[in-house]
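Descriptive analysis of the structure
This is what each chain is made of:
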Amino acid sequence: MISAELLDTLRALPRADKLHLMQFLVSELAQEEADLLKPGLAYPVWSPYDAVEAANTMLAMLKATESERHA
Amino acid sequence: MRNAERYPFISVESTLGEAGLQPRLPLTLTHHEQSVTVVGLLDTGAMVNVLPYHVGVDLGAVWEQQTTALRLTGNLAQFDARALLVSAAVGQFAPVRLVFAWTQAPHVPVLLGQVNFFMEFDVCLYRSQLAFELCPKGASA
């Protein structure tokens, strides 16, 4: 949380220091974004997002067992 | 969302901070009187529900007796999968029937996908609040 005291300190900085601080923060944010995904590591994506055939088979199974339950 | 239950996002990777939080839902699966409580990932991008091999075994399911073979996609394409029908209890709601693609993949999380978790439950994700709400279909009207 940014305190009022910190904001007052920042406000009092000379223009050049404010610009420098801004560059520093942008650099920090960019680094944090880059750190989310590390090079050389594998990030498996398990989602079967286009498993149409499997989805149809499973829906048919649900429907068939539903009919059995009501038979 | 009326009649909904609210759940917090759960941290699955602490080094990622807030980015490591995911919508994971605790639910109890029952198959032939045998029950297991799992935590499933709400995966809107998954076309089907996915059950890891060991959870099916814990439920007492026998691979050879599940004769409906499935062909999955992506990272799961390399593993055999069979359809498995179970009863699922979420929170205080009445149990529903969920059909899973029971995969032989060892490390996959329980995935709750379109067929048929999202056909049974209405879900609202509030990422900024790190929470989600859900209720059975028709219950929120």
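See the structure printed just above.
Numbers given to residues run from 1 along each chain, matching the order in which its sequence is written. As a convention, the first chain written is A and the first ligand written is 1, with the rest following in written order. Reporting of local features is limited, given that this is a predicted model, to residues whose pLDDT is at least 70; pairs of side-chain atoms are given and counted only at 80 or more, and all residues count toward the totals for whole chains, interfaces and linings. With hydrogens and water excluded, all non-hydrogen atoms of the structure serve as input to the side-chain values.

All names here are of chain B. Paired strands, in this sense, are two strands between which DSSP finds at least two bridges. To qualify as a helix, a DSSP run of H or I must reach at least 4 residues; to qualify as a strand, a run of E must reach at least 2; elements of each kind are numbered from the N terminus. In space, the three strands of this open sheet follow the order β1-β12-β11, with antiparallel pairing throughout. Two strands lie at the open edges of the sheet, namely β1 (5-8) and β11 (121-126), each paired on one side alone. Strand-to-strand twist in this sheet, taken as the mean axis angle between neighbours without regard to direction, amounts to 25°. Inspection of the sheet shows β11 paired to strand β12 (residues 131-136) by six bridges, in the antiparallel sense. Note on geometry: axes are lines fitted to C-alpha atoms, helical ones only across the stretch in contact, with angles between N-to-C directions running from 0 to 180 degrees.

Formed by 31 residues in total, the largest nonpolar core has its most connected members in Leu25, Leu29, Leu51 and Phe117 of chain B. Breaking this core down by element, the ones donating at least two residues are β4 (24-31), β5 (34-42), β8 (81-89), β9 (96-103), α2 (117-120) and β12 of chain B. For this core, the element with the highest residue contribution is β9 of chain B, accounting for four residues. In this analysis, two residues are considered to be in contact whenever any of their non-hydrogen atoms come within 4.5 Å of each other. Ignoring any residue separated from it by four or fewer positions in sequence, one finds leucine 51 of chain B in contact with Leu29, Gly56, Leu59, Leu84, Phe100, Ala101, Trp102, Thr103 and Val110 of chain B. In this structure, Ala51 and Ala55 of chain A together with Val99 and Ala105 of chain B belong to the second largest nonpolar core, which totals 22 residues. Definition used in this section: a nonpolar core is a set of buried Ala, Val, Leu, Ile, Met, Phe, Trp, Tyr and Cys residues joined via side-chain atoms within 4.5 Å. Under the scheme applied here, a residue whose accessible area is under 20% of the maximum for its type counts as buried, over 50% as exposed, and between as partly exposed, the area being computed with a 1.4 Å probe on protein chains only.

Function cannot be read off these values alone, since they describe shape.
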